[in-house]
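So the chains spell out like this:
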Amino acid sequence: MKSLHLGKAFLLVCCLAGAVRAEDAQVAEEGTWSVTRSDNKDGGSFCQVEGQFSDGRTFALLTSEQTYPSHTLLITEKEWPDMTGQIMPLLFQSAKDKKWQQTYNAFGANNSLSITLTLDDLRILFSGISHSGWLILAFPSGSEEEWVMDMGGFAKSVAKFKNCVSEMTETENAF
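Since the structure is predicted, the reported quantities are computational estimates derived from the model, not experimental observations. (Residues numbered from 1 in each chain as written. Predicted model: local features only at pLDDT ≥ 70, side-chain atom pairs only at ≥ 80, totals over all residues. Heavy atoms only, no water.)

Go over the pairing of strand β3 (residues 45–52) with me, naming the residues and quoting the values.
Burial of β3 is extensive: 7 of the 8 residues sit out of reach of the surface. Strand direction decides the pairing type here: strand β2 (residues 33–39) and β3, joined by 7 bridges, are antiparallel. Each bridged residue has a counterpart across the sheet, and for Ser34 the counterpart in β3 is Glu50. Relative to strand β4 (residues 57–64), β3 runs antiparallel, the two sharing 7 bridges. Bridging from a neighbouring strand, Gln52 pairs with Thr58 of β4. (Buried < 20%, exposed > 50% of the residue type's maximum accessible area, 1.4 Å probe, protein only. Helix = DSSP H or I, 4+ residues; strand = E, 2+ residues; numbered from the N terminus. Pairing = 2+ DSSP bridges.)

How would you sum up the environment of Thr36? Please name residues and give values.
Along the chain, Thr36 falls in strand β2. Sequence separation of Thr36 and Gln48 is 12 residues, and the distance between their C-alpha atoms is 5.2 Å.

Hey, could you go over empty space enclosed by the protein for me, with residue numbers and the actual values?
Within this structure, the stated rule accounts for 1 cavity of 30 Å³ or more. Here the largest cavity defines a volume of roughly 40 Å³. Every residue lining the largest cavity is listed: Val49, Phe59, Ala60, Leu61, Leu73, Leu125, Phe126 and Phe154. Those elements that place two or more of their residues in the lining of the largest cavity are β4 and α2 (119–130). Tallying contributions element by element places β4 first for the lining of the largest cavity, with 3 residues. (1 Å grid on protein atoms, 1.4 Å probe; cavity = no way out; pocket = protein on both sides within 12 Å on 5 of 7 lines; lining within 4 Å. Points joined across faces, edges and corners; volume = space filled by probe spheres on them.)

Outline the nonpolar core, listing residues and values.
Of all hydrophobic cores here, the largest spans 40 residues; its most connected members are Phe59, Leu73, Ile75, Leu90, Phe92 and Phe175. Among the elements that make up this core, the one with the highest residue count is helix α3 (residues 154–169) (6 residues). Ignoring any residue separated from it by four or fewer positions in sequence, one finds Leu73 in contact with Phe59, Ala60, Leu61, Phe92, Leu113, Ser114, Ile115, Leu117 and Leu125. (Core = buried A, V, L, I, M, F, W, Y, C linked by side-chain atoms within 4.5 Å. Contact = heavy atoms within 4.5 Å.)

Listed below in C-alpha cells is the structure:
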C-alpha cells in the first residue's frame, strides 16, 4: 500500500479549491475528460486532467509548479459527507484485466479524497488503466459501492495533460 504525503496533498487541495478563474485555458476535451491549464491566486500555474461524470462524481489529476514532480489525484462525490482528516484506503483496478490493481491511502478534505503520487506512482497508475476502457475504484474500508468509470478519451487527455505539465515546468517529457 502506498503512503500518503499529507502536507503536499492538503496544500494543493486547499490552494486549488478556489483557483479556477477567468484565466483558465481549456487545453483539450475528450468525451468525459478535459484538460485545463490555469494560474492560481498565488501566480503559479497548474495543469489538470478531469473526468466529470453524470452521477456527480469527479476524478481529477492536478499538478502545480510548486508541487511538481508530485501529482495530486482528487476524487470527489457531491453527496459525500465532510471527510476532513480521515485517511481511507482506495483500490484501483482495471476492469479489463483484473490482474492489475493498486492500493493507495487517501486523505479526506471536505467531500473529497486526495492522494499524492510520485512520478513512479503516476506511471504505474497510467500504465494500469490506460489499456482498459473502464476503471474500478473500490473503497475497502468504507460503505461506498465500487465506482466503475468509463475511461474513454482518458489516454488522449493524459497525453495533453503530459504536454501541459511539460510546458508549465519547462521539463521535456515531464512523466
